[in-house]
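Survey of secondary and tertiary structure
One-letter residues, chain by chain:
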Amino acid sequence: MKMKHFKNLFFSALVIFMVACDNDDDTVTTGDFDNTDVTALRDSAIDGTWRITQFIDDGRDETSDFDGFTFTFNADGSVVAENGTLSFTGSWFIELDDSSLDDDDDSDELEFNVSFSLSNDFDELSEDWYVIEYSSNSIRLLDDDDDGEDDFLTLTRVQ
């Protein structure tokens, strides 16, 4: 009788764990990337506008530098950042970095490349960002900085 009780308890715990881990946002995390992710992330980025909800540069939170700006990623490879008064244009693209020289494992890294040819805060966004994870409403990025702390950027879809 104890074994049956244990099996029921184990099955219940497993079901609870699976439900708790269910993510309605279809988040994809680093290390699981392939060419379908390039297309999916590109399609998601060009669908709507985005805002920066986190920007950590060398350990400093500089999110407020981009308050009020929305970002539109266009299918032609241009990105427009605007706040109603100012407008800045840059470029962007997404690629799969399958270089085995980057690390010791065989997983491919997804890069979100952004470039603004400016000498203001937007210049700091010009990086080949590695995608940590993405969903239809959020894109979390990392720049593994060789000369300081890693940089983090989170884009959130404007609702």
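Here is a short report on the structure shown in this document. Being a predicted model, the structure only gives us computed values, none of them experimental. (Residues numbered from 1 in each chain as written. Predicted model: local features only at pLDDT ≥ 70, side-chain atom pairs only at ≥ 80, totals over all residues. Heavy atoms only, no water.)

1. Let's talk about the pairing of strand β6 (residues 87-97)
The condition that has to hold: Two strands are counted as paired when DSSP detects at least two bridges linking them. Segments assigned H or I by DSSP are reported as helices when at least four residues long, segments assigned E as strands when at least two residues long, and all are numbered from the N terminus.
Relative to β6, strand β5 (residues 78-82) runs antiparallel, the two sharing five bridges. Looking at the pairing, V80 lines up with T89 of β6. The antiparallel pairing of β5 with β6 creates a hairpin that spans four residues between the two strands, and G84 there sits at a positive phi of about 100°.

2. Comments concerning the environment of L155
Selection rule: For every residue, the accessible area obtained with a 1.4 Å probe (protein chains only) is divided by the maximum for its type, and the residue is called buried under 20%, exposed over 50%, and partly exposed between those limits. Residue contacts follow a heavy-atom distance rule, with two residues in contact if any of their heavy atoms lie within 4.5 Å.
Positionally, L155 belongs in strand β10 (residues 151-157). For L155, a relative accessible area of 4% gives the class buried. Excluding residues within four positions of it along the chain, L155 makes contact with W50, R51, I52, F73, F112, N137, S138, I139 and L141.

3. Examining unusual backbone geometry
Although it is not a glycine, D58 adopts a positive phi angle of roughly 50°. Along the polypeptide, D58 turns up in the loop between β2 (50-57) and β3 (60-61).

4. Some thoughts on the nonpolar core
Using the following cut-off: Residue types Ala, Val, Leu, Ile, Met, Phe, Trp, Tyr and Cys, when buried and joined through side-chain atoms within 4.5 Å, form a set referred to as a nonpolar core.
Counting 30 residues, the largest nonpolar core has F71, F73, L110, F112, F116, F122 and L125 as the members making the most contacts within it. Counting residues per element, this core draws most heavily on β6, which supplies four residues.

5. Remarks on the packing of aromatic side chains
Formally: Note on aromatic pairs: the rings of Phe, Tyr and Trp (six-membered ring only in Trp) are paired at centre separations within 6.5 Å, and the planes decide the class, stacked below 30 degrees, edge-to-face beyond 60, tilted for the rest.
Inspection of every chain in the model, using the stated rule, returns twelve aromatic pairs. Aromatic side chains F73 and F112 sit 5.4 Å apart centroid to centroid with 85° between the ring planes, which places their arrangement in the edge-to-face category. On the criterion of sequence distance, the pair formed by F73 in strand β4 (residues 70-73) and F112 in strand β7 (residues 109-115) is long-range, its members being 39 residues apart. Both residues of the pair, F73 and F112, belong to the buried class. Taking 4.8 Å as the distance between ring centres and 50° as the angle between the ring planes, the aromatic pair formed by F88 and F122 counts as tilted. Within this pair, whereas F88 is found in strand β6, its partner F122 is found in the loop between β7 and β8 (127-134), the two being separated by 34 residues in sequence. Site record: aromatic cluster; members linked through ring pairs are F55, F66, F69, F71, F88, F116, F122 and W129.

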